[in-house]
Every structure is written in C-alpha cells, then in structure tokens.
Amino acid sequence: MVLVFGGTTEGKKVAGLLDAIGQSYIYSTRTENKLSLKGETIWGELDQAAMAAFYRQRKVRLIVDAGHPFALQLHRHIHQSARELDIPVIRYERQFPVLESSEQLRTFPGFPDMVRAILASPYKRILALTGVQTIAALEEIWRAKSCFFRILDTAESREKARNQGLSESRIISSTPRGDADELTALARELNIDLILSKESGSSGFFQTKTACAGRLGIPLWVVRRPDLPDFDFHVREGKDFLRLFLQLKKKQLRDPMKLKSGYTTGSCVTAAARACCLALAEGSFPEYCEINLPGGEKALFPIFDGKLQGNEASCLVIKDAGDDPDVTHAKEIGCRLLRRDKPGIHFLQGEGVGRVSLPGLGLEVGEPAINPVPRRMISGMLEECAAAHDLEGGFEVSPFVPEGRVLARQTFNPRVGVKDGISIIGTSGRVLPYSHEAFIASIRQQINVARQMGCDELLFSSGKRGELAVASRFPGLVEQARIHYGNLIGETLKMTAKAGIRRVALSLMFGKAVKLAEGHLDTHSKKSSFNPEFLATLAMESGHPQSVADRIRKATLANAIPAIIPFATTEAFYLNIARACMRSCLKVYPSDASLKLFLVVGSEGIISIDQKALRML
C-alpha cells in the first residue's frame, strides 16, 4: 500500500497522478479532507508510534510526504517511523524562489526572531499571511500592534482564530488565489505598512506576496523554511515524481500473484499526439489525456512538458510498463506534432526512435520504426480529433524518446536492423507482465528479418554467453542470423520451420539442456524445474554406479553435476543428455532438415550432435 501525507497543493498533485495511473493509496491529512479522490482518505494527527502501528496494520510499503514544509513535527515523525520499519519515503517538495535579502525583503530563522524585530520596529499596521497556525506564535505582535491575519475561509480556521483570543475584526477569511491585484487592494484598504509571510514557495503564492509588497513600496518579512529530515528521495515536479514512483513500484509494490499490465510505446505516443492536437485546437495542453486502445479500453496519461508555438506542439508522457521488465519503463516517451496544409498524416523519425535498415519488419527500409498498429492508432485518433475541432489539412508526427539511442542497445533492435533508437510498438496497446507473447513476437520478427536477408542458416542460443561459446564455429554468420531464444526452444524451432529455414544450429547451456533432455521445450522456471531424479537415472543408464546416482539426487543445481561426473567429450552421461535434447527438438523441427546441437557444459567443453551422427569436439 502507498500512504500519502497531503493537505497541500503538492499532495493534491500526487493524488491526481496516482489516480491517473490507477494506483491504490491512502491519503492522510491533519483535518477532514473534502477532496474527491479515488484513494482512501483518513484524517487526524499521528505521532511516531501511531504511524508505525498504522504502517504495520495497513501493510504500507511506500510513503509520499507531501506535507507543508513548516509541518516540521510531522516530517520528523514520518522520517523516524519509516526508518524504523525500513519503508522508503519520497519527499515531494514545492518549488521555492531564491530568497535574497534586500532593503525590502528581510528573512528570519524563526518566529521568535521575527517577533523581537517587529516589536523593535516602527511598523504599526501589519498583514500576516502566515496562516492560522501562527496566531499563537505572533501573539505579542497582535496584542501590541494592529495586526491582521488572512486565514483560510473555513469554519475550522475561523474557530481556531477566535479560540486564541484574536478579535473578529482582525480576521480576514479568504481563499488564496495568487492574485496580486486582490492582495494589493486588501493591503491598501487596511493601510498596511508591513507584510509577514513564511517561505511558502510557489504553490504558497510567494511571488504574489513579493509583488504586492513591491507595488506598495513596503517591506516583506519572511520566516525561512525549516531544515527537513534526510528523506530517501526528493522531487519537486510531477514528472520527476511519476518517474521515481514507477521505478520504486517495481520493487516495493510488486505482488507476484497479481502482476500488473502496462502500456506500450505506441499507446504512449498516441496519448502525447492527442494532447498536442488538443493544444493546437484549444490553445493549451490538458493535464491528463485519455485515449482509446485497440481492444476498446480507455487509458489515461498525465501530460508533461507541453510546448506550443504556432502550428507546432510537443509534449511527453512517462511510460508505465506495469510489472513487465521493459527497458522503457518509467522513461519519457513524447511526440512533436506539426500542422501542415497538405492533407494526410506523415510519420517522421524523432530523437531516440529507430530507423528501419533491413527488410522483414513489415515497414519500408528507411522508414521510422513505428509499427503498423501504432500508426493506425495515431492516425485514427488524429483524424477524429481534427474533425471534432475543425482542423483542416494534415499532420507531421514525430515520436521521440530522449533516452532511446541508449535504451536500444538493451533490445533486439540492432539485430533486426533498426538503427538509432527504439521501436514504437504494440498490438493491443497494453504490455502484459513478463509477456510470453511479446517475446515470441520478437523472435518471429528476427527470424523474418534473417530470412529476408537471404540467410539459410540460423544460430540459436539462450543468450550472449551461449552465443559466444560457439561463435567461432560460424565465422561467416551475420549478426541478424544469431538469435536468442531465452527459454522458448520449442516455439523458436516451430517458427523457424514455418519460415522455411532448413539449417539450424542450437547452442544449449547445460542448465537448460537437462530440462530439454527431459522433454521440456520451455525451460523457464515457471514451466519446468531442475529434476535430479531424472539425471540420477540417466547416470545409471550411462554406466555409473548407485553411489554417483545418490550424489546427484542430493544436488539442487545443474551446475553441481560436473563435479560429480567430470565432463569429457567421450563421457556417456553427457552424450546421452545431448541425444535426449536432440530427440526433444525433433518433436517440433523436421527430421529431414539440418539441426545441429551444441551442448555447452560451462568452461569444461562442448559436445556437438546432429541427426545423422555423433561428433566429439
């Protein structure tokens, strides 16, 4: 569970972002909260012990402190209770303009210092914009001078002011709106000669207070914000908060029994493009943008960094890939949209988006790597948006991914001929966690590219280590013909056969080979597990005594076997594993095609086998 300490503009922002991404949370405030939020709301003061007890009771795994910067006791309680239970805390801090003391602006470390200075000053009529909580701290001032307090226009604030003995005539109830004209008019009406404030930051309309003082030519005295505890993480903007939250969510909130889906890069670009279209039509960007997914679902995205100039608009979203191990998770995905007179929609390659350099991907060579379904999503959405807002002409669409060039190195793009960045992909608009289907689609795409290039032989391996182990045996094989299957041996061979490729080499690391030998064509730990009993039986069938079989039965990892049965290219045990692997593969790959299998046993050596004969290397 996520716990948000709010009651501020920053707290509302956090709640809005969590609502938009569908994240459950608890929103805590000191007084009763009237906001309409999707999260659960609670109110009341909690000390350190009460906080820790609440964390345990509600299984809180992540805390967001968006409380007022002057609520020092609250921040200390949050910090100490979270540290006690090892719960990470994100401090969402407001923006603070730089304070530079001048003839007009004077700062103080605390209220006692401010009070002493005011009592010693000639100022007689004072406007305190410090909040109802500071009436007691400034009591000496309002008993000695004409001091007016502007407080929130709530029954609770008015009652608190009266209970502290402040005259009704000195209470000004209003809802701050950041209107410098309104504040200046109030100060002029009251004949104010000194304004008091806390260092309230941008969301506390501090610039409005400085503007008012400047217009009237009167001083503004400010209590500096206190030093807060050393929280784990600090953010000041919604975009940075969302990126950090999505990163932490993977670790802190992941439930293995309820893995969450996310959104594809195609959905992200569609949302950014729609926000740009709305900005071009309406003159401003929406805070959130909703799109329709291919399956009929709706998806809501927070919009950031909107820029609008003439016929061009750009913005970005933060990708939420759910629990899928996607390299673009929590990264910026954006779009630049340019209106043009010529009808139609033209896609361009933006920064960090790849370019197709080889055939076989379903896109023309030279085109930006924006797959067909995202193109249809974006085009359909733009046509609908333009029609709704009477926008004539067409659009140039330039998706961009600021970190795309670096991220692409962690994908299969270099192998399939996509250069300079990532691909904008997606068929359903959603990313399924640990998507079996997505990985199969990636392998199929690589096979098709290799076939289009005229490759008549492919080398499959589970990963880079298996590939390098046998790479020297294929000196002329191009990179696109070297494909990683992960755990999906059976599916990979089926797709290869369907593509009409008749020559295959398969590199098998020993840990996966022992599962394949038993008949498991998917070697993922969720599908199959290490079976020492199977290997013990195979060892005895290979001529080893009962004592060796008993030692194998006690093993918990395949890597322990070479210490029990030393590897040799002539060792019957390893030859039989290779033969069993070949038999499993031939269940899904044509026996009249050429299939060569390499059994890689760590650094000890390699056994090679094909359908016709057994060769020892």
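Residues numbered from 1 in each chain as written. Predicted model: local features only at pLDDT ≥ 70, side-chain atom pairs only at ≥ 80, totals over all residues. Heavy atoms only, no water.

### A look at unusual backbone geometry
Part 1 of the argument: Phi at asparagine 191 is positive, roughly 55°, even though this residue is not glycine.
Part 2 of the argument: Take asparagine 191: it is sitting in the loop between α7 (180-189) and β10 (194-198).
Part 3 of the argument: When its relative accessible area of 55% is taken as the criterion, asparagine 191 is described as exposed.
Part 4 of the argument: Positive phi, close to 75°, is recorded for aspartate 420, a residue that is not glycine.
Part 5 of the argument: Tracing the backbone through its elements, the reader meets aspartate 420 in the loop between β22 (418-419) and β23 (430-431).
Part 6 of the argument: Among the residues examined, aspartate 420 registers a relative accessible area of 31% and is labelled partly exposed. (Helix = DSSP H or I, 4+ residues; strand = E, 2+ residues; numbered from the N terminus. Buried < 20%, exposed > 50% of the residue type's maximum accessible area, 1.4 Å probe, protein only.)

### A word on helix α9 (residues 238-252)
Part 1 of the argument: With 15 residues, α9 ought to run about 21 Å at 1.5 Å a step, and its terminal C-alpha atoms sit 20 Å apart, in line with that.
Part 2 of the argument: In terms of residue burial, α9 counts as a mostly covered element, since 11 of its 15 residues are buried.
Part 3 of the argument: Gly238, Lys239, Phe241, Leu242, Arg243, Leu244, Phe245, Leu246, Leu248, Lys249 and Gln252 are the residues of α9 that are buried. (Expected span 1.5 Å × (residues − 1).)

### What to know about the pattern of salt bridges
Part 1 of the argument: Enumeration according to the criterion identifies 32 salt bridges in this entry.
Part 2 of the argument: Between arginine 355 and aspartate 420 there is a salt bridge, and its shortest N-O distance comes to 3.7 Å. Taken together, the residues arginine 355 in strand β20 (residues 355-356) and aspartate 420 in the loop between β22 and β23 connect sequence positions 65 residues apart.
Part 3 of the argument: Judged by relative accessible area, which is 28%, arginine 355 ranks as partly exposed.
Part 4 of the argument: Taken together, the shared-partner salt bridges in this structure form one network comprising Lys239, Arg243, Asp305, Lys331, Glu332 and Glu403. (Salt bridge = Lys/Arg side-chain N within 4 Å of Asp/Glu carboxyl O.)

### A word on helix α10 (residues 265-282)
Part 1 of the argument: Between its first and last C-alpha atoms α10 spans 26 Å; for 18 residues at 1.5 Å apiece the expected length is 26 Å, and the two agree.
Part 2 of the argument: Summarising burial for α10: 15 of the 18 residues are buried, a large majority.
Part 3 of the argument: Remark: glycine 283 follows α10 within two positions and exhibits a positive phi of approximately 90°.

### Details of the domain arrangement of the chain
Part 1 of the argument: By domain assignment, the chain separates into domain 1 (2-96 + 229-243), domain 2 (105-223), domain 3 (260-431) and domain 4 (450-614).
Part 2 of the argument: If you average the C-alpha positions of domain 1 and of domain 4, the two centres end up 52 Å apart. (Domains from an automatic or database assignment.)

### What about the pairing of strand β28 (residues 605-610)?
Part 1 of the argument: Counted residue by residue, β28 has 6 buried out of 6 residues, so it is predominantly covered.
Part 2 of the argument: Burial along β28 is two-sided: Gly605, Ile607 and Ile609 and Ile606, Ser608 and Asp610, pointing in opposite directions, are all buried.
Part 3 of the argument: Two successive antiparallel strands, strand β27 (residues 594-601) and β28, enclose a turn made up of 3 residues, where glycine 602 displays a positive phi of approximately 55°. (Pairing = 2+ DSSP bridges.)

### Some remarks on the environment of lysine 498
Part 1 of the argument: When you line up the elements, lysine 498 lands in helix α16 (residues 489-498).
Part 2 of the argument: Its relative accessible area of 78% is what places lysine 498 among the exposed residues.
Part 3 of the argument: For the pair lysine 498 and asparagine 413, spaced 85 residues apart in the sequence, the C-alpha separation amounts to 23 Å.

### Digging into the nonpolar core
Part 1 of the argument: In this structure, Phe510, Phe573, Tyr574, Ile577 and Leu599 are the most contacted members of the largest nonpolar core, which totals 64 residues.
Part 2 of the argument: Among the elements that take part in this core, helix α21 (residues 572-585) stands out by supplying 9 residues, more than any other.
Part 3 of the argument: Not counting residues up to four positions away in its chain, the partners in contact with leucine 599 are Leu508, Phe510, Ala513, Tyr574, Ile577, Ala578, Gly605, Ile606 and Ile607.
Part 4 of the argument: Counting residues in hydrophobic clusters, the runner-up holds 41 residues, among them Ala272, Cys289, Cys315 and Leu337. (Core = buried A, V, L, I, M, F, W, Y, C linked by side-chain atoms within 4.5 Å. Contact = heavy atoms within 4.5 Å.)

### Topic: the side chain of serine 200
Part 1 of the argument: With respect to the helices and strands, the residue serine 200 is situated in the loop between β10 and α8 (206-216).
Part 2 of the argument: Within the structure, the side chain of serine 200 is placed 3.1 Å from the side chain of lysine 209, a separation counted as a polar contact. (Polar contact = N/O pair within 3.5 Å; in protein donor to acceptor, adjacent residues only side chain to side chain.)

### Thoughts on the packing of aromatic side chains
Part 1 of the argument: A full pass over the atoms with the stated rule returns 9 aromatic pairs.
Part 2 of the argument: Measuring from ring centre to ring centre gives 5.6 Å for tyrosine 123 and tryptophan 221, while their planes differ by 90°; the resulting arrangement is edge-to-face. Of this pair, tyrosine 123 sits in the loop between α4 (111-119) and β7 (125-128) while tryptophan 221 is found in strand β11 (residues 220-223), placing the two residues 98 residues apart along the sequence.
Part 3 of the argument: Taking the relative accessible area as the measure of exposure, tyrosine 123 reaches 23% and is therefore partly exposed.
Part 4 of the argument: Given the relative accessible area of 6%, tryptophan 221 is considered buried.
Part 5 of the argument: The rings of Phe510, Phe567, Phe573 and Tyr574 are connected pair by pair, giving a single aromatic cluster.
Part 6 of the argument: We note arginine 225 situated over the ring of phenylalanine 96; from NZ or CZ to the ring centre the distance is 3.9 Å. (Phe/Tyr/Trp six-rings, centres within 6.5 Å; stacked < 30°, edge-to-face > 60°. Lys NZ or Arg CZ within 6 Å of the ring centre and 35° of its normal.)

### Some details on the sheet that holds β11
Part 1 of the argument: Overall, parallel pairing links the 6 strands, which are arranged β6-β11-β10-β7-β8-β9 in an open sheet. Where the open sheet ends on each side, the last strands, each with one partner, are β6 (105-108) and β9 (171-174). For this sheet, the mean angle separating the axes of adjacent strands, direction not counted, is 20°.
Part 2 of the argument: With 3 bridges connecting them, β7 and β10 associate as parallel partners. Across the sheet, residue isoleucine 126 finds its bridge partner in β10, namely leucine 194.
Part 3 of the argument: In the packing of α4 onto the sheet, contacts are made with β6, β7, β10 and β11, and the angle to β11 comes to roughly 155°. (Axes fitted to C-alpha atoms, helices over the stretch in contact; angles between N-to-C directions.)

### As for the packing of helix α18 (residues 532-541) against helix α19 (residues 546-553)
Part 1 of the argument: Orientation of α18 relative to α19, taken along the N-to-C sense of each, is 165°, at an axis distance of 8 Å. Here α19 runs roughly antiparallel to α18, going by the angle between their axes. Along this stretch, α18 crosses α19, giving a crossing that reads as right-handed. Across the interface between the two elements, Pro532, Glu533, Leu535, Ala536, Ala539 and Met540 from α18 touch Gln546, Ala549, Ile552 and Arg553 from α19.
Part 2 of the argument: Of the residues in the contact of α18 with α19, the class split is 7 nonpolar, 1 polar and 2 charged. (Parallel < 35°, antiparallel > 145°, perpendicular 65-115°, else oblique. Left-handed = near helix turned anticlockwise from the far one by under 90°. Nonpolar A, V, L, I, M, F, W, Y, C, P; charged D, E, K, R; others polar.)

### A closer look at the packing of α18 against α21
Part 1 of the argument: Where α18 meets α21, the closest approach of the two axes is 9 Å, and the angle between their N-to-C directions is 120°. In terms of axis orientation, α18 runs oblique to α21. The element α18 and its partner α21 pack so that their crossing is right-handed. Between α18 and α21, the residues in contact are Leu535, Leu538 and Ala539 and Phe573, Asn576 and Ile577, respectively.
Part 2 of the argument: Across the contact of α18 with α21, the residue classes break down as 5 nonpolar, 1 polar and no charged.

### Points about the sheet that holds strand β16 (residues 304-309)
Part 1 of the argument: Across the sheet, which stays open at both edges, the 5 strands sit in the order β16-β17-β18-β21-β19 with mixed pairing between neighbours. Looking along the sheet, the strands with just one partner apiece sit at the ends: β16 and β19 (345-347). Here the average twist between neighbouring strands, direction ignored, is 15°.
Part 2 of the argument: Here β19 runs beside strand β21 (residues 394-400); their pairing, made up of 3 bridges, is parallel. Bridging from a neighbouring strand, histidine 346 pairs with glutamate 396 of β21.
Part 3 of the argument: Together, β16, β17 (312-318), β18 (332-340) and β21 form the strand contacts of α10, whose direction differs from that of β18 by roughly 40°.
Part 4 of the argument: This element, helix α11 (residues 372-388), spans β18, β19 and β21 of the sheet and lies at about 145° to β19.

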